[in-house]
Amino acid sequence: MRLLITGGNGQLGRSLQEVLINDQVFATDLPELDLTVYGDTRAYFEKVKPEVVIHCAAMTQVDECELNPQKAYLANVIATKNVVNATALVEAALVYISTDYVFDGMASQPYGEYAPTNPVSVYGQTKLQGEMLVRMLLNQFYIVRTSWL
């Protein structure tokens, strides 16, 4: 299978590359590809022609997102929108790595798949916006909400 991993130099991206050794894996990250530039993102996806995109790239430092909400929006929403649109263009499936920060943490039991979201941080808000883009613009997708890597 032809897989494209965004955020390939991050902790999750590197770990995925280690285990996906039986697949044809293309991993990209900054500075090679700036996902906030749609033309570059589209061209890269058209060149690679992945069957599945695993979108790991994100601004994940919660405190940094609070201090720089515009940067968080650019990295977590605009870049995701570009990835989603490029994924649709090449007719691939998308695995979107999200977070439990889309919830407020007030539940008395584990959150279910359809639990209402209520992010209380910029990080959670931008990742939820990314989830909404994925749901609205793609037919083939998986959203993975993780709490810790």
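Structural data are supplied above this passage.
Values in this document were obtained by computation on a predicted structure and should not be read as measured data.

Reading guide: rules and limits
- Residues numbered from 1 in each chain as written.
- Predicted model: local features only at pLDDT ≥ 70, side-chain atom pairs only at ≥ 80, totals over all residues.
- Heavy atoms only, no water.
- Helix = DSSP H or I, 4+ residues; strand = E, 2+ residues; numbered from the N terminus.
- Rg over C-alpha atoms; globule rule 2.2 N^0.38 Å.
- Buried < 20%, exposed > 50% of the residue type's maximum accessible area, 1.4 Å probe, protein only.
- Contact = heavy atoms within 4.5 Å.
- Areas by Shrake-Rupley, 256 points an atom, 1.4 Å probe, with all protein chains shown as cover.
- Lys, Arg positive; Asp, Glu negative; His and termini not counted.
- Charge placed at Lys NZ, Arg CZ, Asp CG, Glu CD.
- Salt bridge = Lys/Arg side-chain N within 4 Å of Asp/Glu carboxyl O.

For this particular structure, what's the right way to read the overall build of the protein?
On a plain count of helices and strands, the protein comes out with five helices and five strands. What you see for the protein is a C-alpha radius of gyration of 15 Å, in line with the 15 Å of a compact globule of 149 residues. A buried classification covers 41% of the 149 residues belonging to the protein. Counting contacts in the protein only where the partners sit at least 6 residues apart, residues at least 24 apart contribute 64% of the total. Of the roughly 8,400 Å² that the protein leaves accessible, carbon and sulfur atoms contribute 53%. Averaging the locations of the 10 positively and 16 negatively charged side chains of the protein gives two centres separated by 6 Å.

Quick question: what am I supposed to make of the pattern of salt bridges here?
Two side chains that carry opposite charge are able to pair once their charged atoms sit near each other. For the coordinates displayed, the defined rule picks out three salt bridges. Its salt-bridge partner being Arg-42, residue Glu-46 comes within 3.8 Å of it at the nearest N-O pair. Residue Glu-46 and its partner Arg-42 are located together in helix α2 (residues 38–48), separated by four residues, close to a single helical turn. Owing to a relative accessible area of 32%, Arg-42 belongs among the partly exposed residues under this scheme. It is possible to trace a salt-bridge network through shared partners that takes in Glu-131, Arg-135 and Arg-145.

What is the right way to look at the side chain of Thr-87 in this model?
Along the polypeptide, Thr-87 turns up in helix α4 (residues 69–89). A relative accessible area of 0% places Thr-87 in the buried class. When sequence neighbours within four positions are dropped, the list of residues in contact with Thr-87 reads Phe-45, Val-53, Ala-92, Ala-93, Leu-94 and Leu-138.

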